[in-house]
Amino acid sequence: MKALLVYLLLGNDNIISTSFKVLIELISDENMEKNRTELVFKLGNKLIKFAQYKLMQEQDNIKSNEKDYRLYYLFKIISYDNIYKLLDNISEQVKFEVGESIIRIIGDKTNLFTFRIKNI
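Quick caveat: nothing in here was measured; it's all calculated off a predicted structure.

Chemist: Any chance you could explain the overall build of the chain here in plain terms?
Modeler: Within the chain, the regular secondary structure consists of five helices and zero strands. Along the chain direction, N to C, the helices and strands of the chain fall in the order α-α-α-α-α. Counting every position in the chain, which comprises 120 residues, the buried fraction comes to 34%. For the chain, restricting intrachain contacts to residue pairs at least 6 apart in sequence, the fraction spanning at least 24 positions comes to 75%. Of the roughly 8200 Å² that the chain leaves accessible, carbon and sulfur atoms contribute 52%.

Chemist: Just to check I follow, could you spell out the packing of aromatic side chains for this structure?
Modeler: One pair of aromatic rings is described through two measures. These are the centre distance and the angle between the planes. Within the structure shown, the criterion is met by three aromatic pairs. Consider the rings of Tyr-80 and Tyr-84, whose centres lie 6.4 Å apart with planes at 20 degrees: the pair is stacked. Taken together, the residues span about one helical turn, with Tyr-80 and Tyr-84 both in helix α4 (residues 80-88) at a distance of four residues. A relative accessible area of 32% means that Tyr-84 is categorised as partly exposed.

Chemist: Sorry if this is basic, but what is going on with the side chain of Lys-54 here?
Modeler: Residue placement: Lys-54 occurs in helix α2 (residues 36-63). Dropping the residues within four chain positions of it, Lys-54 is found in contact with Leu-9, Leu-10 and Asn-14.

Chemist: Could you clarify how one ought to interpret a nonpolar patch on the surface in this entry?
Modeler: On the surface, Ile-16, Phe-20 and Ile-24 cluster together into a nonpolar patch covering about 290 Å² of accessible area. Positionally, Ile-24 belongs in helix α1 (residues 2-28).

Chemist: Would you mind showing me how to read the nonpolar core here?
Modeler: The nonpolar side chains of a soluble globular protein tend to be buried, and buried together. One finds Val-6, Leu-9, Ile-83 and Leu-87 to be the most contacted residues of the largest nonpolar core, which totals 29 residues. Elements represented by at least two residues in this core include exactly α1, α2, α3 (69-77), α4 and α5 (92-109). In terms of residues, this core owes the most to one element, α1, which gives nine residues.

Chemist: Looking at this model, I keep getting lost on α4. Mind explaining?
Modeler: Note that an α-helix has 3.6 residues per turn; residues three or four places apart therefore point the same way. Those residues of α4 that fall on the buried side of the exposure criterion are Tyr-80, Ile-83 and Leu-87. Mapping the buried residues of α4 onto a view down its axis gives an arc of 65 degrees, with all of them on the same face. Across α4 from its buried face, at more than 90 degrees, point the exposed residues Asp-81 and Lys-85.

Chemist: Got a minute to help me understand the packing of α1 against α4 in this structure?
Modeler: Relative placement of two packed helices is described by the angle separating their axes and the distance separating the axes. Taken N-terminus to C-terminus, the directions of α1 and α4 make an angle of 115 degrees; their axes are 10 Å apart at the nearest point. The handedness of the crossing between α1 and α4 is left-handed. Each of Lys-2, Leu-5, Val-6 and Leu-9 in α1 lies in contact with α4, whose residues at this interface are Ile-83, Leu-86 and Leu-87. Residues belonging to the contact of α1 with α4 are distributed by class as follows: six nonpolar, no polar and one charged.

Chemist: Hey, could you run me through the pattern of salt bridges in this one?
Modeler: Think of it this way: side chains of opposite charge can pair up when their charged atoms draw near. Summed over the entire model, instances satisfying the criterion amount to four salt bridges. Between Arg-104 and Glu-100 there is a salt bridge, with its nearest N and O atoms 2.6 Å apart. A residue pair is termed a helical-turn pair when its members lie 3 or 4 positions apart in one helix, as Arg-104 and Glu-100 do in helix α5 at four residues. The exposure class assigned to Arg-104 is partly exposed, which follows from its relative accessible area of 48%.

Quick notes on the rules
Residues numbered from 1 in each chain as written. Predicted model: local features only at pLDDT ≥ 70, side-chain atom pairs only at ≥ 80, totals over all residues. Heavy atoms only, no water. Helix = DSSP H or I, 4+ residues; strand = E, 2+ residues; numbered from the N terminus. Buried < 20%, exposed > 50% of the residue type's maximum accessible area, 1.4 Å probe, protein only. Contact = heavy atoms within 4.5 Å. Areas by Shrake-Rupley, 256 points an atom, 1.4 Å probe, with all protein chains shown as cover. Phe/Tyr/Trp six-rings, centres within 6.5 Å; stacked < 30°, edge-to-face > 60°. Patch = residues over 30% accessible without salt bridge, like charges linked within 9 Å, V, L, I, M, F, W, Y side chains within 5 Å. Salt bridge = Lys/Arg side-chain N within 4 Å of Asp/Glu carboxyl O. Core = buried A, V, L, I, M, F, W, Y, C linked by side-chain atoms within 4.5 Å. Arc of directions from axis to C-beta. Axes fitted to C-alpha atoms, helices over the stretch in contact; angles between N-to-C directions. Left-handed = near helix turned anticlockwise from the far one by under 90°. Nonpolar A, V, L, I, M, F, W, Y, C, P; charged D, E, K, R; others polar.

So, in structure tokens, the structure goes:
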């Protein structure tokens, strides 16, 4: 449920653009070990942080009467405070699920990534 909440807060355009931006940043980071697990966790973590930012931004927009009606109706179902608490207490498993599902979607629809299994 928490992963779905992140996707709802970000919306399709933000998920796609933010994911590509974050993935390019992570891939071009020379200090990061280029393995799938680390990439998935970092992507999930950054998307969750962006969802928290979008949540706070939307709260300000509602006060100034510039609502995103998709989120406005979400707030009618789940209160802002409850959503914030849910996002604040996200486990490592959920971070992995968020990142993994986005990597999987991008990988299935593009040839952008190829992952190889290394024998150690």
